[in-house]
Amino acid sequence: MAAPAQPVAITGAEELEAGHSLWQDAWLRLRKNKLAVGGGVFILVLALASFLSPLIAPHSYDTQNLALGATSPSGQHWLGTDDLGRDLLSRILYGGRISLSVGLAATLVAVVIGVLYGTISGYFGGRVDVLMMRIVDILFSLPFIIFVILLMVIYGRNIYLLFLAIGAVEWLDMSRIVRGQVLSLKKQEFIEAAQALGLRRRRIILRHMIPNVLGIVIIYGTLIVPRVMLTEAFLSFLGFGVQPPMSSWGTLISEGARSMEEFPWLLIFPGLAFSSTLFSLNFVGDGLRDALDVRASKD
Amino acid sequence: MSEPFLELKEVRTHFPVEHGILFRHRVGTVRAVDGVSLRLQRGEVLGLVGESGCGKSTLGRTILQLLPPTEGAVILAGKNLAELRGGALREARADFQMVFQDPYASLNPRMTVFDTLAEAIGAHKQVPSAEMPARVAALMEKVGLSRRFVKKYPHEFSGGQRQRIAIARALAVEPKLIVADEPVSALDVSIQAQIINLLAGLSREMRLTLIFISHDLSVVKHISDRIAVMYLGKIVESGPAAGVFEKPLHPYTKALISAVAIPDPEREKKRQRIILSGDPPSPLRPPSGCAFHPRCPDANADCSRVTPPLEEFQTGREVACLRAREIS
Amino acid sequence: MPLLEVNDLQTSFHTRNGIVRAVNGVSFSLERGETLGIVGESGSGKSVTCHSLMGLVPQPPGRIESGTAMFDGKTDLLACSARELNVIRGRRVAMIFQDPMTSLNPFMRILDQLIEPLLTHKLARRDEAVKRAIEMLELVGVPDAAHRIRSYPHEFSGGMRQRVMIAMALVTKPDLLIADEPTTALDVTVQAQILELIKRSQQQLGMAVIFISHDLGVVSGFCDRVQVMYAGRIVESARTEHLFRSPRHPYNRALQKSIPALQPKGAALYTISGMPPDMSRPVQGCAFAPRCEFAVEACRVREVPLKEVEPGHRSACLRVQEKQLQWEGAHV
């Protein structure tokens, strides 16, 4: 039965009814979404395999076997070898480590900067907001690739620099999204009520604003990861990312593309690994969006 | 005549309308509240009525300093709230609270009832955490909510229950003044009465001064000691509730009362209604002179030239109409 | 022969929380030129009933489980093809809605929206249609109609937009107008204007009107007959004066008692205890019983059909049907 509106005699022996937060609701909804669950499982398995690669990869990523050269899949090398005789499966596993870490790290950088920037801009409003958003607009218009290339030229090729650089671009999107959410939240009466109570601004931002912004941050954050990975792959493809013998999926695809006609497996397998990861991330992101969409909740 | 508990002196809340992207310039002003003065005694219930655009919600928020007044004084128990800033204003907020219209938007959806009420209780006082559950339970009991639901989230309650939680939150800081902005408009008719009874009962029991803002005259009539009618940012009539209803002085008040349907088919079908022509005016382009004159069935030539001041008509009754004495 | 005869309409919504029986066996008839008020709170099914008749219920998640709705003795609105329905909708049956903001297309001029029904149903050629549209706009009280007809909806105020919507509904001179809470979103003084307008138009065109509202007061001044709905069913229906003077269902009586205007000042307002039922759960017995001060054991067990208890007065209260309860006036 629906919760009664009548006052009930309060006795000490009453049990408290458990509450059911919106997060729990969302989790239940997410669990029902098969695509999202499938994608999530795939990512988890792949991530686990990649990060455990030193333990589980059959060979090291840089063990060369020049005598062998490029071979197609066999019992010894499940996915074949490249022209330097390096085991492709191992290289894909190790490469996954790089690609996934860059993806996660850069996304984290983007999210943290974006959320802080967007919240401040949205909450304070007025001239502060106008100024901050114009800066974002200007940064948006800068050609990203040239910026990264410049960085690489000045500071040398460095994996950490790579994710800082990518994160430094992706935060722009996130800040706009968060600002939009904060602006609409500001109009909600529970924020006015918090102000009316006389709560400090910091508390309002931390306790009332940010938890209600998290939903959208999670959704878009999850969708930033594939974008970041693509960007890293693109940069590596161009030769700006990781350097051999270290591999990322981007470099593997780049090498594979070069010898596509003779040794197609060198392109197909890394390509498959990469695209399945991207698909899975997108499914999870879409699933999260459907699950967390507040409009879908009651009333 | 004792000192009024709440006094508003020529309060004005204006919003500039600006154009331009980086260098903004002012092209007009919305005079949402345009010179409101009134006095309330401790424990009185004032019904503030008017239609959309009249400024009643803006006035409510201005009194509570959620919107800064452009001019004028808001004096509560001798202190001018409009002059307070920063920490002093935050501390003073324990004395005055608001109940909002939308029960769905006025509670943080990610906080349980306990979180919301505990935060309010602890906003201005140090309360040891061991004591908090008992205090929260007492508050819930006061507004008629079972303490069994203390761990639940807003979306698990109905509109009426959410409004009770909102009222509990407002009471948690032990205020002396509560402004209720259309607190029952979003609720079903059969629930409205429950919430109105609650507010009326609590305000009597706790000697609260209550400003009840509504567009629903019949609700306001029932709960209020005094009534003030607003039109385009100004009060056009005020007085004791029964008096204003039985003998309205301002043509707008008469039209407003006439527009309320009487649930008695025979009388309703036969009665003579006052139907105003035209639309409510825009606060961006107010009419000259008396703002009501374009729609007023009793307007004459002077009415478009002179803005009538709010004046005492007889003891306790004020009206802002040039022709008030002639038409009554 | 009645203009509209609805028989055992059942509409439900299949949601992930269960099946919500929004309309649970509604039957009524409407004569030509009659005004019928349908009163109820949110969740009573009053809007869904009329949306079902007009084919506006999205299916899925909605489903019209059963029922017939004979229009003019010839077409069953619930069973006819989309083509047949489109000939009737907008031409012989028109509907106006609560929210004037979202009921008009913001990208089309008023003129184009007004002539659209005439052109679609091939009732006039363009220039004739434009003339009739301007006349209609004048009829609904829009000043300077010939010029203002070229405006866009956002250039009108809420009350004006509602008038435009009424003009759009009436331009084809329909036999039946369904008004779904047309004044709820408007200011009280504008409400009075719009009600006056609908009344005048009804008299001039001889239309039948179904007026949906939660406000008993509004309905009392306007309708010939009123039906009160609760939890998807009609619980009482009668001529307006009788419904008010001699309530024959505890819910109707309680609604009237709750009206603040009728209560003495100072005393607490009369309240109906409890809350409307959860429509996704099946109801046992009378849906109002949990909140009813007159309920007895039998009320919770048996489903009570709507029956005539006096000439022209139907009630779905078991105890009223068995002559155990009767009131004269809600103040009793």
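Residues numbered from 1 in each chain as written. Chains lettered and ligands numbered in written order. Predicted model: local features only at pLDDT ≥ 70, side-chain atom pairs only at ≥ 80, totals over all residues.

**Notes on the overall build of chain A**
At step 1: Across its full length, chain A carries 11 helices and zero strands.
At step 2: When the elements of chain A are put in sequence order from the N terminus, they spell out α-α-α-α-α-α-α-α-α-α-α.
At step 3: Here the C-alpha atoms of chain A give a radius of gyration of 24 Å, more than 25% beyond the 19 Å that 2.2 N^0.38 yields for 299 residues.
At step 4: The dimensions of chain A, computed from C-alpha atoms along their principal axes, are 85 × 50 × 30 Å.
At step 5: Long-range pairs, those at least 24 residues apart, make up 70% of the contacts in chain A with a sequence separation of at least 6. (Helix = DSSP H or I, 4+ residues; strand = E, 2+ residues; numbered from the N terminus. Rg over C-alpha atoms; globule rule 2.2 N^0.38 Å. Contact = placed C-beta atoms within 7 Å.)

**Side note on the packing of helix α10 (residues 249-258) of chain A against helix α11 (residues 265-292) of chain A**
Residues and elements named next belong to chain A.
At step 1: Where α10 meets α11, the axes come as close as 8 Å, and the angle between the chain directions of the two elements is 150°. By the criterion of interaxial angle, the relationship of α10 to α11 is roughly antiparallel. Here α10 and α11 pass one another in a crossing that is left-handed. Only Leu 266, Leu 267, Pro 270, Gly 271, Ala 273 and Phe 274 of α11 make contact with α10, whose side of the interface consists of Trp 249, Leu 252, Ile 253, Glu 255, Gly 256 and Ala 257.
At step 2: Here the contact of α10 with α11 is built from residues that sort into nine nonpolar, two polar and one charged. (Axes fitted to C-alpha atoms, helices over the stretch in contact; angles between N-to-C directions. Parallel < 35°, antiparallel > 145°, perpendicular 65-115°, else oblique. Left-handed = near helix turned anticlockwise from the far one by under 90°. Nonpolar A, V, L, I, M, F, W, Y, C, P; charged D, E, K, R; others polar.)

**Quick word on the environment of C:Leu205**
Residue and element names in this part refer to chain C.
At step 1: Tracing the sequence through the fold places Leu 205 in helix α8 (residues 188-205).
At step 2: Leu 205 gets classed as partly exposed once you count the C-beta atoms within 10 Å, which come to 16.
At step 3: Along the chain, Leu 205 and Glu 181 lie 24 residues apart, while their C-alpha atoms are 21 Å from each other.
At step 4: Once residues lying within four places of it in the same chain are set aside, the contact partners of Leu 205 are Leu 170 and Lys 173. (Buried ≥ 20, exposed ≤ 12 C-beta atoms within 10 Å, placed from the backbone.)

**Looking at the interface of chain B and chain C**
At step 1: Between chain B and chain C, the residue contacts involve 32 residues of the former and 36 residues of the latter.
At step 2: Looking at the side of chain B that touches chain C, the elements that each hand over two or more residues are α6 (189-205), α7 (217-223), α9 (251-259) and α10 (265-270) of chain B.
At step 3: Ranked by residues supplied to the side of chain B that touches chain C, first place goes to α6(B) with six residues.
At step 4: Residues belonging to the side of chain B that touches chain C are distributed by class as follows: 15 nonpolar, eight polar and nine charged.

**Some thoughts on the sheet that holds strand β5 (residues 79-80) of chain B**
All names here are of chain B.
At step 1: Read from one edge of the open sheet, four strands run β2-β1-β4-β5, paired in antiparallel fashion. One side of each edge strand has no neighbouring strand; the edge strands of this open sheet are β2 (25-40) and β5.
At step 2: Inspection of the sheet shows strand β1 (residues 6-19) paired to strand β4 (residues 71-76) by five bridges, in the antiparallel sense. Counterpart to Arg 12 in the pairing with β4 is Glu 71. (Pairing = 2+ DSSP bridges.)

**Comments concerning the interface of chain B and chain A**
At step 1: On the chain A side, the residues contacting the 41 residues of chain B number 29 residues.
At step 2: For the side of chain B that touches chain A, the secondary structure elements donating two or more residues are α2 (86-92), β6 (96-99), α4 (132-142) and α5 (159-172) of chain B.
At step 3: Per element, the largest residue contribution to the side of chain B that touches chain A is three residues, and it comes from α5(B).
At step 4: Class assignment for the residues of the side of chain B that touches chain A results in 17 nonpolar, 12 polar and 12 charged.

**Observations regarding helix α9 (residues 201-238) of chain A**
At step 1: With 38 residues, α9(A) should reach 56 Å at 1.5 Å per residue; the first-to-last C-alpha distance of 47 Å falls well below that figure.
At step 2: When the local axis directions of α9(A) are compared, the greatest deviation, roughly 40°, occurs at A:Ile210, which is followed within four positions by the proline A:Pro211. (Expected span 1.5 Å × (residues − 1). Bend = angle between axes of the 7 residues up to and from the residue.)

**Observations concerning helix α11 (residues 250-258) of chain C**
An α-helical segment advances 3.6 residues per turn. Residues three or four places apart therefore align on the same side.
At step 1: A large share of α11(C) lies buried, amounting to eight of its nine residues.
At step 2: All of the buried residues along α11(C) are C:Pro250, C:Tyr251, C:Asn252, C:Arg253, C:Ala254, C:Leu255, C:Gln256 and C:Ser258.
At step 3: Those residues of α11(C) that are buried lie in contact with α6 of chain B together with α9 (216-220), β9 (225-230), β10 (233-239) and α10 (240-245) of chain C.

**What about the pairing of strand β9 (residues 226-231) of chain B?**
All names here are of chain B.
At step 1: Of all six residues that make up β9, six are buried, and the element is covered over most of its length.
At step 2: The alternating pattern of β9 places Arg 226, Ala 228 and Met 230 on one face and Ile 227, Val 229 and Tyr 231 on the opposite face, and all of these are buried.
At step 3: Across four bridges, strand β3 (residues 45-49) lies against β9 in parallel orientation. The residue of β9 that forms the bridge with Leu 46 is Arg 226.

**A look at the sheet that holds strand β2 (residues 18-30) of chain C**
Residue and element names in this part refer to chain C.
At step 1: Strands sit in the order β2-β1-β4-β5 across an open sheet of four strands; the sheet is antiparallel. In the strand order of this sheet, the two ends are held by β2 and β5 (75-76), each with one partner.
At step 2: By the bridge criterion, nine bridges tie strand β1 (residues 4-15) to β2 in an arrangement that is antiparallel. When the sheet's bridge partners are listed, Val 6 is paired in β2 with Phe 28.
At step 3: Lying on the sheet, helix α1 (residues 46-53) is in contact with β1, β2 and β4 (62-71); it crosses β2 at an angle near 70°.

**Focus on the confidence of the model for chain A**
When pLDDT is low, close inspection of the predicted coordinates is not appropriate.
At step 1: For chain A, per-residue confidence averages 81 on the pLDDT scale, and 93% of positions sit at 70 or higher.
At step 2: With pLDDT under 50 throughout, residues 1-13 of chain A is counted as low confidence; its partners more than four residues away or in other chains account for 20 contacts. (pLDDT = per-residue confidence, 0-100.)

**Thoughts on unusual backbone geometry**
At step 1: Its identity is not glycine, yet B:Arg207 carries a phi of approximately 55°, on the positive side.
At step 2: Considering the arrangement of structural elements, one finds B:Arg207 in the loop between α6 and β8 (209-214).
At step 3: A count of 9 C-beta atoms within 10 Å places B:Arg207 in the exposed class.
At step 4: The phi angle at C:Ala231 is positive, at roughly 50°, despite the residue not being glycine.
At step 5: Position of C:Ala231 relative to the elements: it lies in the loop between β9 and β10.

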